[in-house]
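Survey of secondary and tertiary structure
What follows is each chain in one-letter form.
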Amino acid sequence: MGMTMTQKILAAHAGLPEVKAGQLIRAKLDMVLGNDITSPVAIREFDKEGFTGVFDKSKISMVMDHFTPNKDIKAAEQCLQCRTFAHRFDIDNFYDVGQMGVEHALLPEKGLVAAGDCIIGADSHTCTYGAVNMFSTGVGSTDMAAGMATGLAWFRIPSAIKVTLKGKLQPCVSGKDVILHLIGTIGVDGALYKSLEFGGEGVASLSMDDRFTISNMAIEAGGKNGIFPVDEKTMEYINGRVNRPCEAFEADPDAEYESEVVIDLDKLEPTVAMPHLPENTKVVSEVAGLPINQVVIGSCTNGRINDMEQVAKA
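Residues numbered from 1 in each chain as written. Predicted model: local features only at pLDDT ≥ 70, side-chain atom pairs only at ≥ 80, totals over all residues. Heavy atoms only, no water.

1. Overview of the overall build of the chain
A tally of regular secondary structure across the chain gives 10 helices and 13 strands. Relative to its length of 314 residues, the chain is compact, with a C-alpha radius of gyration of 20 Å against a globular reference of 20 Å. The principal-axis extent of the C-alpha atoms belonging to the chain is close to 55 × 50 × 35 Å. Taken over 314 residues, the chain has a buried fraction of 48%. Considering only contacts within the chain whose residues lie at least 6 apart along the sequence, 76% involve residues at least 24 apart. Distance from the positive charge centre (28 side chains) to the negative charge centre (42 side chains) of the chain: 2 Å. (Helix = DSSP H or I, 4+ residues; strand = E, 2+ residues; numbered from the N terminus. Rg over C-alpha atoms; globule rule 2.2 N^0.38 Å. Buried < 20%, exposed > 50% of the residue type's maximum accessible area, 1.4 Å probe, protein only. Contact = heavy atoms within 4.5 Å. Lys, Arg positive; Asp, Glu negative; His and termini not counted. Charge placed at Lys NZ, Arg CZ, Asp CG, Glu CD.)

Have a look at this one:
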């Protein structure tokens, strides 16, 4: 039996010819990510364990994302802890005030993640980077600490759900609608510790922003990761950003999937999630005219300013 995209990437990083779902491995990491909330916890664990160095100062990223500029003394102290650690070990990819941004947009834009990579991040939405055909997943701060010191992480090889996309996106429909439709179909635990592997002719109509959004929300279905194949759009995005060799991984024709979900993009409508779970989805025609009394702009929800403007006008 062949391997999925995720399984191939993890096998390569474990130095194994093949892996199977459920197998425990130890994999080499291409990047370890933390932000201004999770990094301080990791730094405390790092020091408590007595580590005296990082495995590679170019393969650690810290983005002062959530509370920068600082809103209070506690937030300032957290960022100072990160800043001190970054200076102590001369971390290359430390993004502070004036350079920081939404971490999961920043790393791809800076070319710090590429096809075929293996990355962990102390943030649940680290699965975003699967859009460029890599294995990326969120971990706890203790795993981040160990990753910074050793460059290694252990994983249980996930089984996979094949998500086949047919047709192409229609006007006013985006990747957000694709992933909300999927979560509404399989539920918030429908992909628990599984890899969501996207493919099919419909991938071609998705922009990179669409793919990042879809991969970002794999965790909202319980997924270990979400991942896309490489095509011309992927290479256009990577070229000029990534300054190192990278390798694309394709699923074997006989790869084993636990199940398959087919989404016809031609028929997909703009979709929203109702309170209080992402799986409670409805197409907008079902909720047209429903008054909205609360709006939250949040990076974790991929909130767009033009969406907020439309709500404000209503």
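2. So, the sheet that holds strand E9 (residues 194–199)
Pairing between sheet strands relies on hydrogen bonds along the backbone, with the strands arranged either parallel or antiparallel. Pairing in this open sheet of 4 strands is parallel, and the strands run E10-E9-E8-E11 from one edge to the other. Both outer strands of the open sheet, strand E10 (225–227) and strand E11 (259–264), are each paired with one neighbouring strand and no more. For this sheet, the mean angle separating the axes of adjacent strands, direction not counted, is 20°. Sheet topology note: the strand E8 (residues 159–166)/E11 ladder contains 6 bridges and is parallel. Its bridge partner being in E11, Ile-161 is matched across the sheet by Ser-259. (Pairing = 2+ DSSP bridges. Axes fitted to C-alpha atoms, helices over the stretch in contact; angles between N-to-C directions.)

3. Regarding the packing of helix H6 (residues 175–186) against helix H7 (residues 208–216)
One can describe the packing of H6 onto H7 by two numbers: an axis separation of 8 Å at closest approach and a directional angle of 25°. As judged from the angle between their axes, H6 and H7 are roughly parallel. In this structure, the crossing between H6 and H7 has a hand that is right-handed. Every residue of H7 that contacts H6 at Gly-175, Lys-176, Val-178 and Ile-179 is listed here: Asp-210, Thr-213 and Ile-214. For the contact of H6 with H7, the residue count by class is 3 nonpolar, 2 polar and 2 charged. (Parallel < 35°, antiparallel > 145°, perpendicular 65-115°, else oblique. Left-handed = near helix turned anticlockwise from the far one by under 90°. Nonpolar A, V, L, I, M, F, W, Y, C, P; charged D, E, K, R; others polar.)

4. With respect to helix H3 (residues 73–88)
Side chains of residues three or four places apart in an α-helix project in the same direction, reflecting 3.6 residues per turn. Spanning 16 residues, H3 covers 22 Å between terminal C-alpha atoms, matching the ideal 22 Å at 1.5 Å per step. Among the residues making up H3, those that are buried are Ala-75, Gln-78, Cys-79, Cys-82, Phe-85 and Ala-86. Seen end-on, H3 carries its buried residues on one side only, within an arc spanning 120°. Every exposed residue of H3 that faces more than 90 degrees away from the buried side is listed here: Ile-73, Glu-77 and His-87. The elements touched by buried residues of H3 are strand E2 (31–35), helix H2 (38–48), strand E3 (60–63), strand E4 (93–95) and helix H5 (141–150). Measuring from the side-chain oxygen of the N-cap residue of H3 to the backbone nitrogen of Lys-74 gives 3.4 Å; that N-cap residue is Asp-72. Looking one or two residues beyond H3, the residue adopting positive phi is Asp-90, at roughly 55°. (Expected span 1.5 Å × (residues − 1). Arc of directions from axis to C-beta. Polar contact = N/O pair within 3.5 Å; in protein donor to acceptor, adjacent residues only side chain to side chain.)

5. A short note on H2
Here H2 has its buried residues at Thr-38, Ser-39, Pro-40, Ala-42, Ile-43, Glu-45 and Phe-46. As for H2, its buried residues are in contact with E2, E3, H3 and H5. Immediately beyond the C-terminal end of H2, within one or two residues, lies Gly-50, with a positive phi of roughly 80°.

6. Here we look at unusual backbone geometry
Across the junction of Thr-68 and Pro-69, the peptide omega takes the value 0°, indicating a cis bond. Within the secondary structure, Pro-69 sits in the loop between E3 and H3. The phi angle at Asn-133 is positive, at roughly 70°, despite the residue not being glycine. Along the chain, Asn-133 turns up in the loop between strand E5 (118–121) and strand E6 (135–138). The class of Asn-133 is buried, set by a relative accessible area of 0%.

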